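Notes for the structure review
What follows is each chain in one-letter form.
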Amino acid sequence: RIVDDDEKDVEPGASGEVWVRGPVVTKGYWRNEKANKESFTTDGWFRTGDIGVFRDGYFFIVDRKKVT
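Residues numbered from 1 in each chain as written. Predicted model: local features only at pLDDT ≥ 70, side-chain atom pairs only at ≥ 80, totals over all residues. Heavy atoms only, no water.

**Observations concerning the overall build of the protein chain**
- On a plain count of helices and strands, the protein chain comes out with 1 helix and 4 strands.
- Along the protein chain, helices and strands appear, N-terminal first, in the series β-β-α-β-β.
- Here the C-alpha coordinates of the protein chain stretch approximately 40 × 30 × 20 Å along the principal axes.
- Considering the protein chain as a whole, with its 68 residues, one finds that 26% of them fall into the buried category.
- Contacts spanning at least 24 positions in sequence make up 41% of the contacts within the protein chain whose residues lie at least 6 apart.
- Carbon and sulfur atoms provide 53% of the accessible area of the protein chain, an area that totals close to 5,400 Å². (Helix = DSSP H or I, 4+ residues; strand = E, 2+ residues; numbered from the N terminus. Buried < 20%, exposed > 50% of the residue type's maximum accessible area, 1.4 Å probe, protein only. Contact = heavy atoms within 4.5 Å. Areas by Shrake-Rupley, 256 points an atom, 1.4 Å probe, with all protein chains shown as cover.)

What follows is the structure in structure tokens.
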């Protein structure tokens, strides 16, 4: 899933933050609740911090999200 800064899915070809969810995705950070709260949505999506684009049937990582 690729989302914008408002956590809305972007259109194919647009860039946004890559979010992942599934049985092989980490369950969280060891003894670091602050990082868990910052990195996971309430419905289980992991915010990777990577900026990606979905184009021509492929996901491309193009940058890292800048934290302000």
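On we go.
**Brief notes about the sheet that holds strand S3 (residues 46–55)**
- Strand order in the open sheet formed by 4 strands is S1-S2-S3-S4, with antiparallel pairing between adjacent strands. Of all strands in the sheet, those bounded by a partner on one side alone are strand S1 (2–3) and strand S4 (58–64).
- In this structure, S1 lies alongside strand S2 (residues 15–20), joined through 2 bridges in antiparallel fashion. By the bridge assignment, Val-3 is partnered in S2 with Glu-17. (Pairing = 2+ DSSP bridges.)

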